[in-house]
Amino acid sequence: TKPISSFIDLPVRDFYESITRSVDENQVTIVTAETGAGKSTQIPQYLAEHGYSRIIVTQPRILAARNLSKRVREEWAERNNEDSSEVIGYRTAHERDDSGRTQILYCTDGLQLVRELTGIGTLESQVLVLDEVHEWNENMEVLVAWAKKRAEEEPRFKVLIMSATFDEQALAEYFGTDAVLKI
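Keep in mind that this is a model prediction, so the values were computed, not measured.

S.K.: Quick one: what's the story with the nonpolar core, residue by residue and with numbers?
M.R.: Grouped together as the largest cluster of nonpolar side chains are 29 residues, with contacts concentrated most on Ile-43, Leu-47, Ile-55, Ile-104, Tyr-106, Val-129 and Leu-160. Taken together, the elements giving at least two residues each to this core come down to helix 1 (16-25), helix 2 (39-50), strand 2 (54-59), helix 3 (62-80), strand 3 (88-91), strand 5 (104-108), strand 6 (126-130) and strand 7 (159-163). Residues within four places of Ile-55 in sequence aside, it is in contact with Pro-44, Leu-47, Ala-48, Gln-103, Ile-104, Leu-105, Val-127 and Val-129. By size, the runner-up hydrophobic cluster in this structure holds 21 residues, among which are Cys-107, Leu-128, Ile-161 and Ala-172.

Here it is in structure tokens:
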């Protein structure tokens, strides 16, 4: 595991231990932080460095999935001194840039919904990250409901819900969790 000091100095960095511990100890963790705090870029890297084998991060837009993948690849490569093109990737309905070694996968929420419903969702030692939940749409609504169903049926299923602005208490009540981190 890389030292925390090797991560980019964004507000979420001070919460590295709290975030990884909460995901370890809870099926559902909710994180709220201001835009630009590092939720979408840093937290998936924390989880990967912490030992989760695959982190699937949903995005509401194709461009966001593609751009986040590119940015995180750059950061990972610089921090780890390695080619990160097989470790970080993305998928959309019509394009993909990932491999069998992909550890952090950025994916449109619509595609991840299809993956979940067809049984290609997250497995053991994986985390489903529902990002930008405040950009509520039909795909996200169904993903949230699906994540609740999976959490009730599969004790090892992990989901991390992130947003800059949303009613985290309502979601915490919906999921029956008190694992809410405000950054």
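This is not the end of the story, as more comes after the structure.
S.K.: Lay out the pattern of salt bridges with the relevant residues and their values.
M.R.: Taken as a whole, this structure holds 14 salt bridges when the rule is applied. Between Arg-66 and Glu-95 there is a salt bridge whose closest N-O contact spans 2.5 Å. Note that Arg-66 is positioned in helix 3 and Glu-95 in the loop between strand 3 and strand 4 (96-97), a separation of 29 residues in sequence. For Arg-71, the salt bridge is made with Glu-75, and the minimal N-O distance between the two is 3.0 Å. Taken together, the residues span about one helical turn, with Arg-71 and Glu-75 both in helix 3 at a distance of 4 residues. For Arg-71, a relative accessible area of 39% gives the class partly exposed.

S.K.: So, the sheet that holds strand 2: which residues are in play, and what are the values?
M.R.: Ordered by their spatial adjacency, 8 strands build an open sheet running 4-3-5-2-6-7-1-8, and the pairing between neighbours is mixed. For this open sheet the edge positions go to strand 4 and strand 8 (180-182), each flanked by a neighbour on one side alone. Where strand 6 meets strand 7, 3 bridges bridge the pair, whose relative direction is parallel. For Val-129, the partnering residue across the bridge sits in strand 7 and is Leu-160. Strands strand 2, strand 3, strand 5 and strand 6 of the sheet are contacted by helix 4 (residues 109-117), whose axis makes an angle of about 105 degrees with strand 5. The strands that helix 5 (residues 138-153) touches are strand 1 (28-32), strand 2, strand 6 and strand 7; relative to strand 6, the one it contacts most, it runs at about 145 degrees.

S.K.: I'd like a description of the packing of aromatic side chains, backed by residues and values.
M.R.: Counted under the stated rule, the structure contains 2 aromatic pairs. A ring pair is formed by Tyr-16 and Tyr-46, whose centres lie 4.9 Å apart and whose planes are at 65 degrees; its orientation type is edge-to-face. With Tyr-16 in helix 1 and Tyr-46 in helix 2, this residue pair connects regions lying 30 residues apart in the sequence. On the basis of relative accessible area, Tyr-46 is assigned to the buried category, the value being 0%. Centroid distance Tyr-174 to Phe-175: 5.3 Å. Interplanar angle 85 degrees. Geometry classified as edge-to-face. Classification of Tyr-174 as partly exposed rests on a relative accessible area of 33%. Phe-175 sits in the buried class, given a relative accessible area of 13%. A cation sits over an aromatic face here: Lys-148 above Tyr-174, 4.2 Å from the ring centre. Over the aromatic face of Trp-146 sits the side chain of Lys-149, whose NZ or CZ is 5.2 Å from the ring centroid.

So, how was this worked out
Residues numbered from 1 in each chain as written. Predicted model: local features only at pLDDT ≥ 70, side-chain atom pairs only at ≥ 80, totals over all residues. Heavy atoms only, no water. Core = buried A, V, L, I, M, F, W, Y, C linked by side-chain atoms within 4.5 Å. Buried < 20%, exposed > 50% of the residue type's maximum accessible area, 1.4 Å probe, protein only. Helix = DSSP H or I, 4+ residues; strand = E, 2+ residues; numbered from the N terminus. Contact = heavy atoms within 4.5 Å. Salt bridge = Lys/Arg side-chain N within 4 Å of Asp/Glu carboxyl O. Pairing = 2+ DSSP bridges. Axes fitted to C-alpha atoms, helices over the stretch in contact; angles between N-to-C directions. Phe/Tyr/Trp six-rings, centres within 6.5 Å; stacked < 30°, edge-to-face > 60°. Lys NZ or Arg CZ within 6 Å of the ring centre and 35° of its normal.

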